[in-house]
Amino acid sequence: MKLLHAIETARAAGDPDRFVEAIPYFRFLGLKLRETPQGLLCILPGDTKLIGNPLLPALHGGVVGALLEAAGISQLVWQSGLQTVPKTITITVDYLRSARPVETFAQGIVTRQGRRVANVRVEAWQEDRSKPVAAAHAHFLLQ
Amino acid sequence: MSGVDPKLIGKAMLEHVPHIRELGLELTDAGNGRGTMRLAYQERLVGDPETGVLNGGVITTVIDSVCGVAVQTALRKPITIATLDLRIDYLRPSTPGKVLIAEAECYKVTRHVAFVRARAWNDDPQHPVAHCVGTFMLGSPSVRRPRPKPETAA
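Throughout what follows, the structure given in this document is the object of discussion. (Residues numbered from 1 in each chain as written. Chains lettered and ligands numbered in written order. Predicted model: local features only at pLDDT ≥ 70, side-chain atom pairs only at ≥ 80, totals over all residues.)

1. Brief notes about the overall build of chain A
Stage number 1. When helices and strands are counted, chain A shows four helices and eight strands.
Stage number 2. Order of helices (α) and strands (β) in chain A, N terminus to C terminus: α-α-α-β-β-β-β-α-β-β-β-β.
Stage number 3. Expected size for 143 residues packed as a compact globule is a radius of gyration near 15 Å; at 14 Å, chain A falls within 12% of this value.
Stage number 4. Summarising its shape, the C-alpha atoms of chain A cover approximately 45 × 25 × 25 Å along the three principal directions.
Stage number 5. For chain A, buried positions account for 44% of its 143 residues.
Stage number 6. Across chain A, the fraction of contacts at a sequence separation of at least 24, relative to all contacts at a separation of at least 6, is 57%. (Helix = DSSP H or I, 4+ residues; strand = E, 2+ residues; numbered from the N terminus. Rg over C-alpha atoms; globule rule 2.2 N^0.38 Å. Buried ≥ 20, exposed ≤ 12 C-beta atoms within 10 Å, placed from the backbone. Contact = placed C-beta atoms within 7 Å.)

Structure below.
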């Protein structure tokens, strides 16, 4: 019920960060959500604890995957009025460039939403949106 | 025979990879193109506060890490590798409070690409939480090559 309340108050207040506050792992990553005309922008802060390759240095690939998944879930919850967290059925992550440990953005598009399943495409980038560091497509189970 | 000592890999990962250290992700076995890692349950990694189930992104992180180990131990000498893609199927929710174990196998290495599969489970490997197939690029440049600057008009 806590989660439902958080989603409802986030939507009522137009403040998607209240949704982030309700999800422990999103808080752990330090995610921020901003409403834009194109949908929710998911922002991952540059943080040394998220580094997976200290030599480059680069963000851990799992963290990049987590950001894409989080952006997909958030967009879905925000736009479709879901009252529970959608469950990931499958996610395919393509790693396009090494992601440096700096602020990273991700935005998802719900390609198709059915009654039970939604298909979402997400891209992540750093300084230059035209040079994505990773992309994903995922299927989520809706309840 | 692998040229990489599994114990050294696990120790080096925990010591030198900040995100592995942050999660306390332990390498429990490695060698000959295989690896096993374990992650203790932590409330800060929960994705659904109603159920206490871990977020999928955490499972992605464990799987990406263990796939990297499997690739490294399949190679004759350590080289830089980079994840090219991962497809993860979530077969059932991870049980709240339970350790997550992930095992990966690198089943094919070519000149430029390594192919891996992995699964993660709580108690029983026959009832996995997640299944994954992925590919890794081998020998990725560790330093960005400077791009030639575009010719400026004379």
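2. Let's talk about the overall build of chain B
Stage number 1. Across its full length, chain B carries three helices and eight strands.
Stage number 2. Taking all 154 residues of chain B together, 44% fall into the buried category.
Stage number 3. Look at the contacts in chain B between residues 6 or more apart in sequence, and 63% of them connect residues 24 or more apart.

3. Quick word on the interface of chain B and chain A
Stage number 1. Listed by partner, the interface residues are 31 residues for chain B and 33 residues for chain A.
Stage number 2. For the side of chain B that touches chain A, the secondary-structure elements that each account for two or more residues are α2 (18-23), β3 (46-48), α3 (56-74) and β5 (81-90) of chain B.
Stage number 3. Element by element, the count of residues in the side of chain B that touches chain A is highest for β5(B), at nine residues.
Stage number 4. For the side of chain B that touches chain A, a count of residues per class yields 11 nonpolar, 11 polar and nine charged.
Stage number 5. In this sheet, β5(B) lies alongside strand β5 (residues 87-95) of chain A in antiparallel orientation, the contact comprising five bridges. Bridge pairing links A:Asp94 to B:Asp85 in β5(B). (Nonpolar A, V, L, I, M, F, W, Y, C, P; charged D, E, K, R; others polar. Pairing = 2+ DSSP bridges.)

4. A closer look at helix α4 (residues 61-80) of chain A
Residues and elements named next belong to chain A.
Stage number 1. For α4, spanning 20 residues, the distance from its first C-alpha to its last is 29 Å, which sits close to the expected 28 Å at 1.5 Å a residue.
Stage number 2. Within α4, 18 of the 20 residues are buried, which leaves the element mostly enclosed by the surrounding structure.
Stage number 3. One or two steps after α4, the chain reaches Gly 81, where phi turns positive at roughly 65 degrees. (Expected span 1.5 Å × (residues − 1).)

5. A word on the sheet that holds β5(B)
Stage number 1. Across the sheet, 12 strands lie side by side as β1(A)-β2(A)-β6(A)-β7(A)-β8(A)-β5(A)-β5(B)-β8(B)-β7(B)-β6(B)-β2(B)-β1(B); this open sheet has antiparallel pairing. Strand pairing shows two members of the sheet lacking a second neighbour, β1 (32-36) of chain A together with β1 (26-31) of chain B, which therefore form its edges. Across the sheet, the mean angle separating the axes of adjacent strands is 20 degrees when strand polarity is ignored.
Stage number 2. With eight bridges connecting them, strand β6 (residues 100-109) of chain B and strand β7 (residues 113-121) of chain B associate as antiparallel partners. Its bridge partner being in β7(B), B:Glu105 is matched across the sheet by B:Arg117. (Axes fitted to C-alpha atoms, helices over the stretch in contact; angles between N-to-C directions.)

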